[in-house]
Amino acid sequence: MEFEVEYLSFYVVQVEGKGDQADKRYKHFQTLNEEEYENSPLKDFLDGEFAKIVKRKVERHPKTDEVPTKIGSFIVEEGHDLTSNPNYNLFHRARFSESKEDFQQESEKFAIAYVDTSAVRGGAFIVAKAKLRKYFDDAFVFILKCDFEPKVASISDETTLIRQVEMAITTKNMKSIQYPFMPEEGMIQDNELKINQSSHSRYFEDFLKYVEYGQSMPEIVKTQVIEMVRGHMEETFEPESEEREQLENAMEIWAASEKRELQERFEPEQVIEAAAQLIEHTPELELKMKLDHVSVKGLLADYGDSIHLAKLNGKYVLIIEADAVTFEKGFSPVEFAKPDEIGTVVERIRQKG
């Protein structure tokens, strides 16, 4: 997968100070055309990076919000087309620019928007227009951001040994935006882009104010569970009843909590039925729970099939069916245990109470 760079603009972003008092500015160093890029050190620096960005795997609905790679969609109000979105218009103009001057003019708007973000960091900011001629006549637009590397030195001579390099950059941990998104080789989505950044930072996506990112799978499941509970409330309680108000308040607390306790509101059959609707769309949905200090991880589909939740003497009991028991790391004598019959275990728990 070889990309041919038609135009590339190189900027350096510098930030001095912190917070509202920070001095944030950028400087345009150079804009290159195809021939100039081919003879530039940037070609060796970026060689293979464009293909790596395009090939980087991404999930439309990831397992967590904190993933480094996301698919973004241009926000469009109902009844309007993509040209109503300022971010799309900027990418479109850069993508179809026909001269070095036009491309520089459009790429500089990306640099201005980036410097205007609240958590901007110094480094090299690169905007490139590149073609993948194997599949398309139209180009891609790439935005690359390399942070400055502190305490970088290069070998000089026998006398001084090393020479300190100011404003050193590397492609390691480089942030990137690719437009348009290519879900499969030879297929593009004009209304989507792909963004990659450190999973703990959000500032690189924040300067695209009119792009939204797909919900993570936990968020989708959470929304569907809330809808399930609301449906139950409408069927069970009167609109202004005290019970309904209490449940609504409990759901607000539940939705906002990272650690949540068992609610004990639905019968197992109701839960299994609700889970089946989620599993139908996403069979590999995970089920994680913690009983005191003991963590359990399985699939949502296991609940009611091989994972059973019960109560005995006012305490919670989890029963897990399995054809085999395996151990990893941490040797223990439990590996030689001969399992009791279930009735013996239940009676032992009962006697403890």
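Per chain, the residues get numbers from 1 upward, laid out in the order the sequence is written. Given that this is a predicted model, residues contribute local features only at a pLDDT of at least 70 and side-chain atom pairs are listed and counted only at 80 or more, while totals for whole chains, interfaces and linings are drawn from all residues. Note: side-chain values were computed over all heavy atoms of the structure, leaving out hydrogens and water.

Before going further, it helps to spend a moment on the domain arrangement of the protein chain. In many reports, interface size means the accessible area that the parts give up when they come together. Residue ranges labeled as domains rest on an automatic or database domain assignment. In terms of domain boundaries, the protein chain breaks down into domain 1 (3–213), domain 2 (215–265) and domain 3 (270–352). In this analysis, two residues are considered to be in contact whenever any of their non-hydrogen atoms come within 4.5 Å of each other. The interface of domain 2 with domain 3 comprises 7 residues on the first partner and 8 residues on the second. A simple way to read buried area is as the amount of 1.4 Å-probe accessible surface that goes missing from two parts once joined, with both sides added. Of the roughly 630 Å² buried where domain 2 meets domain 3, counting both sides, 70% is carbon and sulfur surface. On the domain 2 side of the contact with domain 3, Met217, Leu262 and Glu264 bury the most area, a combined 51% of that side's loss. By definition, a salt bridge exists where a carboxyl oxygen of Asp or Glu is found within 4 Å of a side-chain nitrogen of Lys or Arg. Where domain 2 touches domain 3, the interface holds 1 salt bridge. As a salt-bridge pair, Lys311 and Glu264 come within 3.4 Å of each other at their nearest N and O atoms. By the criterion applied in these results, polar contacts are pairs of N or O atoms within 3.5 Å in which, for protein atoms, one can donate a hydrogen and the other can accept it, and in which residues neighboring in sequence qualify only through two side-chain atoms. Along the contact surface separating domain 2 from domain 3 lie 2 residue pairs in polar contact (both at pLDDT 80 or more).

A full pass over the atoms with the stated rule returns 23 salt bridges. Between Asp23 and Arg25 there is a salt bridge, with the nearest N and O atoms lying 2.4 Å from each other. To sort residues, take the accessible area from a 1.4 Å probe on protein chains only and compare it with the maximum for the residue type: under 20% means buried, over 50% means exposed, and anything in between is partly exposed. Looking at Asp23, the relative accessible area reads 35%, which means it is partly exposed. A salt bridge links Glu106 to Arg93; the nearest nitrogen and oxygen atoms lie 2.9 Å apart. With Glu106 in helix H5 (residues 100–115) and Arg93 in helix H4 (residues 86–95), this pair connects stretches of sequence that are 13 residues apart. Only runs of H or I of at least four residues qualify as helices and only runs of E of at least two qualify as strands under DSSP, and these elements are numbered from the N terminus.

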